[in-house]
Amino acid sequence: MNWYYDQGGQRQGPIPEAELDRLLASGTITLSTLVWCEGMADWQPLGKARAAGGAGAESVPEGWIRCTATGRFFPPSQIVYLDGKPYSAEAKAGLVQGVMQGGELPDTGDGERTGPAWEQRAQLGFFPAIWQTIKAVLLDPNRTFETMKRDGGLGTPLGYMVLLRWIGGLAGLVYFYGTVHTFLANPALPPEMRKAFETFIDNGGAFFWIGMAVMLPLFILLGTFIYSGVLHLSLMICSGAKQSFETTLRTYCYVMGSVALFQVIPACGASIGGIWGLVCLCMALAKTHGISGGRAVCAVLLPVAVCCIGIGLFYGAIIGMALSAQGVHH
Amino acid sequence: MIWRRLRPGETDHEAIWLGVSLASLALAWLWLRSGLPLPACPLHELTGCACPTCGATRCLRFALGGDFGAAFAINPLAFCAFVAMALYDLYAATVLALRLPRLRGEEWPAWAGKSARIAAIATIAANWAWLVWRGV
């Protein structure tokens, strides 16, 4: 099938289907470029022409994934994920040319949200989908959340969150088990806390640890809903809640689920994961809600900012008093 | 605000928040019953000054014990939040059990949204000032 396309008001073509894909992959045309082929009543944007079942449309077999560069659908075996986005092997030549010319991976620019890879786990496979999602969220949160699905149910992101946080939590529990006697021997530990833990561990023994491990998913689930709810309220207060609560929860799940694996690193893992999680969360919310980075930072930090401001005021007052006292002495 | 049926695929907030609040209440009850200590407030530990949520646990304890006056005095905003949660749970349980239409907010005009934000910040600040003044 031969295509014609519009460029600067001039009709170009005819070109074959493969050439059209190459132009799309290299960024010469986009899915909003007007195209026409035999059988079409009128010129239409390429994305619409391919999706609407017109003459140029493809019938999409179930499970096939849409290539970010060409906008066409391919079986999962012909898809590779680059920067968290699916690209087809067919687009390789165009991708290379696009990177050489523009320095960045080409995008159809239609803003379609299908990611992250965990959303395509049925096609990609369970473990590859987890790995690709973690990698994309941690290493390139901006690109990943530009294409994150804003809706589609809570089960998928919650499953990801609970699974990864459970693994991280179990690792934390194992480390705590190994150091519990050091923990209890710490003189700074409040006596009532020491007593409570000693009673639990002495009376419960293995039951206490197994119970904690089994109850972890429930704690994680509750914590996720509560924190996402607080985060969404913060976004509303900061005029940043441009999307629904579902978008906030999905964003939170993908970020915090991905950083949970840092807990596997002994001692400092949880702190590193926590800090990087907050940074990623700010970038992610800015992309998924379509707000500025500053507004996202405000919303993420608002729940803790009140305390930080309080501490700042306290130390400010102390320093102020100290300086004024010095002034009196001099 | 309007009453309407859930759209296909729409988040069922009533089911989610009823479940979350009941499960949280059950866990809090188990925690308190088992004698586990409550985590200390870092701001209070460091400065001796209450944070905006200080006294919320004591407020819940008083409220569950039926001493609503003391519960209100210890943290008025937390008490109002618990009452609001109880009312919401009642509403959620009713609409879920009877399969009734849900209450949903329409798009707010800009001035209403701004007023609500300012009111929320002012309420949190006033409540915090009360907690600091009372030395909770």
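Residues numbered from 1 in each chain as written. Chains lettered and ligands numbered in written order. Predicted model: local features only at pLDDT ≥ 70, side-chain atom pairs only at ≥ 80, totals over all residues. Heavy atoms only, no water.

### What to know about the overall build of chain A
Next up, step 1: In terms of helices and strands, chain A carries twelve helices and eight strands.
Next up, step 2: For chain A, the proportion of its 330 residues judged to be buried stands at 40%.
Next up, step 3: Entry remark: accessible area of chain A is about 16,600 Å², with carbon and sulfur atoms responsible for 64%. (Helix = DSSP H or I, 4+ residues; strand = E, 2+ residues; numbered from the N terminus. Buried < 20%, exposed > 50% of the residue type's maximum accessible area, 1.4 Å probe, protein only. Areas by Shrake-Rupley, 256 points an atom, 1.4 Å probe, with all protein chains shown as cover.)

### Overview of the interface of chain A and chain B
Next up, step 1: Chain A puts 24 residues into the contact, and the matching count from chain B is 21 residues.
Next up, step 2: Both sides together, the interface formed by chain A and chain B hides about 2,000 Å², and carbon and sulfur atoms give 85% of it.
Next up, step 3: The interface formed by chain A and chain B includes three residue pairs in polar contact (both at pLDDT 80 or more).
Next up, step 4: Within the residue set of the side of chain A that touches chain B, elements represented by two or more residues are α8 (191–204), α9 (206–237), α10 (245–259) and α12 (293–329) of chain A.
Next up, step 5: With nine residues, the single largest contributor to the side of chain A that touches chain B is α9 of chain A. (Contact = heavy atoms within 4.5 Å. Buried area = accessible area lost by both parts, 1.4 Å probe. Polar contact = N/O pair within 3.5 Å; in protein donor to acceptor, adjacent residues only side chain to side chain.)

### Details of the state of the cysteines
Every disulfide links exactly two cysteines, by a covalent bond between their sulfur atoms.
Next up, step 1: Enumeration over the complete set of coordinates arrives at zero disulfides over all chains.
Next up, step 2: The thiol of C238 of chain A is unpaired, and the distance to the nearest cysteine sulfur, on C298 of chain A, comes to 5.1 Å. (Disulfide = S-S within 2.5 Å.)

### Examining the sheet that holds strand β1 (residues 2–7) of chain A
Residues and elements named next belong to chain A.
Next up, step 1: One open sheet holds the four strands; their spatial order is β2-β1-β3-β4, and the pairing between them is antiparallel. Because the sheet does not close on itself, it has two edges, and the strands there are β2 (10–16) and β4 (44–45).
Next up, step 2: One ladder, built from five bridges, connects β1 with β2; its direction is antiparallel. Paired with N2 across the bridge in β2 is P16. (Pairing = 2+ DSSP bridges.)

### Re the pattern of salt bridges
Next up, step 1: For the structure on display, the rule yields ten salt bridges over all chains.
Next up, step 2: With a shortest N-O distance of 3.5 Å, E146 of chain A and K287 of chain A are connected by a salt bridge. Of this pair, E146 of chain A sits in helix α6 (residues 141–146) while K287 of chain A is found in helix α11 (residues 269–289), placing the two residues 141 residues apart along the sequence.
Next up, step 3: Overall, the relative accessible area of 28% leaves K287 of chain A in the partly exposed class.
Next up, step 4: As a salt-bridge pair, E10 of chain B and R4 of chain B come within 3.0 Å of each other at their nearest N and O atoms.
Next up, step 5: The exposure class of R4 of chain B is buried, given its relative accessible area of 17%.
Next up, step 6: Several salt bridges converge on common partners, so that one network encompasses R4, E10, D12, E14, R102 and R104 of chain B. (Salt bridge = Lys/Arg side-chain N within 4 Å of Asp/Glu carboxyl O.)

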